[in-house]
Amino acid sequence: DWQYLAAVSGGSLNHGKTTCWIVNYKWEKRRRKYRTEASLPGELTLIDEEGQRRPITRLKPDEAHKILGFFPTANCNWKEEIKYLKEIGSAFTHRVKRRRNKIRTDVWIALRSMLFASWSYPQRALTLTWNNWKDIMAEPLKTCLPFAGMTSNLASWVLFGPKELQDNGLKH
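Residues numbered from 1 in each chain as written. Predicted model: local features only at pLDDT ≥ 70, side-chain atom pairs only at ≥ 80, totals over all residues. Heavy atoms only, no water.

Visitor: Summarise the overall build of the protein; cite the residues concerned and give the values.
Guide: Per the secondary structure count, the protein includes five helices and six strands. Secondary structure of the protein in N-to-C order comes out as α-β-β-β-β-β-β-α-α-α-α. Looking at the 172 residues of the protein, the share that counts as buried comes to 30%. Sequence-distant contacts in the protein: of pairs separated by 6 or more residues, those separated by 24 or more amount to 52%. Summed over all atoms, the accessible surface of the protein reaches about 11700 Å², with 52% contributed by carbon and sulfur. (Helix = DSSP H or I, 4+ residues; strand = E, 2+ residues; numbered from the N terminus. Buried < 20%, exposed > 50% of the residue type's maximum accessible area, 1.4 Å probe, protein only. Contact = heavy atoms within 4.5 Å. Areas by Shrake-Rupley, 256 points an atom, 1.4 Å probe, with all protein chains shown as cover.)

Visitor: Lay out the packing of aromatic side chains in plain terms, naming residues and giving numbers.
Guide: All told, the structure shown has four aromatic pairs when counted by the stated rule. Centroid distance Y25 to Y34: 5.2 Å. Interplanar angle 40 degrees. Geometry classified as tilted. Here Y34 falls in the partly exposed class, since its relative accessible area comes to 30%. Linked through ring pairs, F116, W119 and W133 together constitute an aromatic cluster. Positioned above the aromatic ring of Y25 is the side chain of R32, whose terminal nitrogen or guanidinium carbon lies 4.3 Å from the ring centre. (Phe/Tyr/Trp six-rings, centres within 6.5 Å; stacked < 30°, edge-to-face > 60°. Lys NZ or Arg CZ within 6 Å of the ring centre and 35° of its normal.)

Visitor: Go over the side chain of T19, please, and point to the residues and values.
Guide: With respect to the helices and strands, T19 occurs in strand β1 (residues 19-21). A relative accessible area of 19% means that T19 is categorised as buried. If we skip the residues at most four places from it in the chain, T19 touches I56, T57, L59 and H65.

Visitor: A description of the pattern of salt bridges should follow, citing residues and the corresponding values.
Guide: One pass over the full model with this rule turns up two salt bridges. Between K26 and E28 there is a salt bridge; the shortest N-O distance is 3.2 Å. Relative accessible area serves as the criterion here: at 36%, E28 is assigned to the partly exposed category. K86 is the salt-bridge partner of D135, the closest N and O atoms lying 3.0 Å from each other. One end of the pair, D135, is in helix α4 (residues 130-147); the other, K86, is in helix α2 (residues 79-98), and 49 residues separate them in sequence. Take K86: its relative accessible area is 33%, and that puts it in the partly exposed class. (Salt bridge = Lys/Arg side-chain N within 4 Å of Asp/Glu carboxyl O.)

Below, the structure is given as C-alpha cells:
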C-alpha cells in the first residue's frame, strides 16, 4: 500500500490535507484535451485518523490546492499561485507602510530576508516567466525601494544583477 511506503520513509499523509489529480488525455482534432472525471473514473484512498479507508479529494487538472506554501495545478496554470504571491507582497507592503519609523537599511533587509525569502521556494519550484515575476514584485518594489533609499524606477538589471558586479544580487 503506497500510504505505508510514505510512512516507512519517514513521511506521513494526513487525509484532511491530501488531494490528488487523476489526469489523462483524449485527442480531438489533433489537440490534446483533458479527460473529464466521468470519462476517467477512479479514486485514491487513504486510511484516516480513525482507521477508516476514505477517498482522497480529487481535483480537476486546472484546480489549485495549497501544498508546501504554493498552489500547483496539474496543468501548470499558475493563476492561483500568482494571485497568492501578489497577496503576500501586498500584505508585506501594507506592513511596511504602517511602520512609523522606517530605517532605510531595515526596510531593505526586511524586503530581502522576509518577503523575497518567502518567495524563494516558489521561484525554484515554478515555471513563471520574467513578466509574471515583474507583475508579482511590482507593488512591493514600488513601495519599499523608496523607503530603502532607492528609486522605485531602478533598472531591473541593476536590482537583480550579481553582487560581484556591485549589483544587489536579488533573485528574480
